[in-house]
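Understanding the architecture of this molecule
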Amino acid sequence: MKKYAFYLLIVSIAITSCKKDEKTVTPVTPTPTNISITADDFGVIGADYYHKTDSTNVDTISFAAVGGLVDLSMLTADFSDTSKFRDPNDYEVHTNFPEANLALDGDGDVVMFIKKTTEKIEMVGIYTKFDTIDIIIPFTNYLTMFEFPFTVGDTLSDSGEGETTINYNYNGFNIPITLSFEIQKNSKIESQVNVKSPYSTASCLKEFSTNINTLTMSPDLSGNGPQIDTTNTYSYFAKGKGDVFIEAQLDANKKATQIKYLEE
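Bear in mind that the values here come from a model prediction, so they are computed numbers and not experimental data.

Conventions used here
- Position numbers for residues count from 1 along each chain, tracking the sequence in the order it is written.
- With pLDDT at 70 or above as the cut-off, local features in this predicted model cover only qualifying residues; side-chain atom pairs require 80 or more to be listed or tallied, and sums for whole chains, interfaces and linings still use all residues.
- To obtain the side-chain values, all non-hydrogen atoms of the structure were included, while hydrogens and water were left out.
- A run of DSSP states H or I qualifies as a helix once it reaches four residues; a run of E qualifies as a strand once it reaches two. Both are numbered from the N-terminal end.
- Relative accessible area decides the class of each residue, using a 1.4 Å probe on protein chains only: under 20% of the type maximum gives buried, over 50% gives exposed, and in between gives partly exposed.
- Here the open area of atoms and residues is found with the Shrake-Rupley method and a 1.4 Å probe, where only the protein chains shown may cover a residue.
- Pairing between two strands is assigned when DSSP locates at least 2 bridges connecting them.
- Here, a salt bridge means any Lys or Arg side-chain nitrogen found within 4 Å of an Asp or Glu carboxyl oxygen.
- Pairs were defined over the aromatic rings of Phe, Tyr and Trp, the Trp ring being its six-membered one, requiring ring centres within 6.5 Å. Orientation was assigned from the angle between planes: stacked under 30 degrees, edge-to-face over 60, tilted for the rest.
- Note on criteria: charge over ring means Lys NZ or Arg CZ within 6 Å of the ring centre, with the direction from the centre no more than 35 degrees off the ring normal.
- Each residue gets a pLDDT score, which is the predictor's confidence in that residue and runs from 0 to 100.
- A contact between two residues is defined here by any heavy atoms of the two lying within 4.5 Å.
- Nonpolar core, defined: a set of buried Ala, Val, Leu, Ile, Met, Phe, Trp, Tyr and Cys residues in which side-chain atoms within 4.5 Å join the residues together.
- Two N or O atoms form a polar contact when they lie within 3.5 Å of each other; inside protein one atom must be a possible hydrogen donor and the other a possible acceptor, and for residues adjacent in sequence the pair counts only when both atoms belong to side chains.

Looking only at helices and strands, the protein chain has zero helices and 15 strands in total. Taken over 264 residues, the protein chain has a buried fraction of 41%. Here the protein chain has roughly 14100 Å² of accessible surface; of this, 50% comes from carbon and sulfur atoms.

Most of strand E6 (residues 102-106) is tucked away: five of the five residues are buried. Here E6 shows no split at all, with Leu102, Leu104 and Gly106 on one side and Ala103 and Asp105 on the other all buried. Across four bridges, the pairing between strand E5 (residues 79-86) and E6 is antiparallel. Paired with serine 83 across the bridge in E6 is glycine 106.

Bringing the pattern of salt bridges into the picture now. Under the counting rule described, the total for this entry stands at nine salt bridges. Note that lysine 239 and aspartate 41 form a salt bridge whose closest N and O atoms lie 2.8 Å from each other. Here aspartate 41 lies in the loop between strand E2 (31-32) and strand E3 (48-54) and lysine 239 lies in the loop between strand E13 (227-237) and strand E14 (246-250), a separation of 198 residues in the sequence. Residue classification places lysine 239 among the partly exposed positions, given a relative accessible area of 23%. Aspartate 41 gets classed as buried once you look at its relative accessible area, which sits at 5%. Notably, a salt bridge pairs lysine 129 with aspartate 134, separated by 2.7 Å at the nearest N-O pair. Accessibility expressed as a relative area gives 46% for lysine 129, which makes it partly exposed. By relative accessible area, which is 36% here, aspartate 134 ends up partly exposed.

Aromatic rings in a pair are described by how distant their centres are and how their planes are angled relative to each other. Inspection of every chain in the model, using the stated rule, returns 16 aromatic pairs. Geometrically, the ring pair formed by phenylalanine 146 and phenylalanine 237 is edge-to-face, given 5.4 Å between the ring centres and 85° between the ring planes. Of the two residues, phenylalanine 146 is situated in strand E9 (residues 133-147) and phenylalanine 237 in strand E13; the sequence distance between them amounts to 91 residues. Each member of the pair, phenylalanine 146 as well as phenylalanine 237, carries the same accessibility label: buried. Three or more aromatic residues joined by ring pairs form one cluster here, namely Phe42, Phe146, Phe148, Phe150 and Phe237. Directly above the aromatic system of phenylalanine 146 lies the positively charged group of lysine 185, at a separation of 4.3 Å from the ring centroid. The positively charged end of lysine 206 is found above the aromatic ring belonging to tyrosine 234, 4.1 Å away from the centroid.

Here phenylalanine 148 and proline 149 are connected by a cis peptide whose omega angle stands at -15°. Locating proline 149 in the fold gives a position in the loop between E9 and strand E10 (155-170). For the bond running from serine 218 to proline 219, omega is 0°, close enough to zero to count as cis. Relative to the helices and strands, proline 219 is located in the loop between strand E12 (201-218) and E13. The backbone of aspartate 131 shows a phi angle near 55°, a positive value even though the residue is not glycine. Of the residues examined, aspartate 131 reaches a relative accessible area of 63% and is grouped as exposed.

Moving on to the confidence of the model for the protein chain. Here the protein chain shows a mean pLDDT of 88. Residues at 70 or above account for 88%. With pLDDT under 50 throughout, residues 1-30 is counted as low confidence; its partners more than four residues away or in other chains account for 60 contacts.

Another aspect to go through is the nonpolar core. Ranked by size, the top nonpolar core spans 54 residues in total, and within it Phe63, Phe150, Val195 and Ile259 carry the most contacts. Once residues lying within four places of it in the same chain are set aside, the contact partners of phenylalanine 63 are Val70, Leu72, Lys206, Tyr234, Tyr236, Ala248, Leu250, Ala256 and Ile259. In terms of nonpolar packing, the next biggest core, distinct from the first, is built from ten residues, Phe97, Ala103, Val111 and Phe113 among them.

Here we come to the environment of serine 187. Along the chain, serine 187 falls in strand E11 (residues 173-196). According to the relative accessible area criterion, serine 187 is buried, its value standing at 11%. Distance from serine 187 to phenylalanine 208, taken between C-alpha atoms, is 5.6 Å for residues 21 residues apart in sequence. Beyond its immediate chain neighbours, meaning those up to four positions away, serine 187 contacts Asp154, Thr155, Leu156, Glu207, Phe208 and Ser209. Within polar-contact distance, the side chain of serine 187 engages the side chain of glutamate 207 at 3.5 Å.

Printed below as a string of structure tokens:
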């Protein structure tokens, strides 16, 4: 659900001198201008954003700032993906998501239908395929993904859910199965920091988020109960980039398992 320029405030130093005396002024360390992220900093219909992902030995990488900079310029590419922002009407299933005004297509795997306003971005449903079966899940309760504007210290806690019924061929019998899907998001904008990727340096807002995805089947043919997937993520957002600048998937100890970065 794929998507910000770098400013510094320079303080001028005036030095006056004469033949017999000099007055020295101690330099002031430049500080980054405070930023906030708005709806304008996310993708619009027709925009494509290319990402590369490093998944090799990234658990040793530190996200601590040194001298005001998080240096991730050493990242390499194990694989690539594209976030495609599209018109919902481009998809035959769009009528199931009447309030969506944007679709986020992650290389054809899952299409996320979105309602984007100047106040927030909400997920209104998802579409994917399992074998030849279309799985269309309109949300009865929309998930708020972002509230605008957001800046350091802002928090968000919300959930979204929906369900659908599919016909599944099980041992030669077509069985109707109800799929219920819920997403719980909890996040906080922890800090503002300068981040160096393999392509550029940007002043970013760093978000730590935990998403809990729960999929329930009825009847449960697997016998394993609800499938629960918890993901922890550091996301770095910058002005004007259109999509996430850096995104790191984390284990329970906040060590990176893979790091995705925007290709510019």
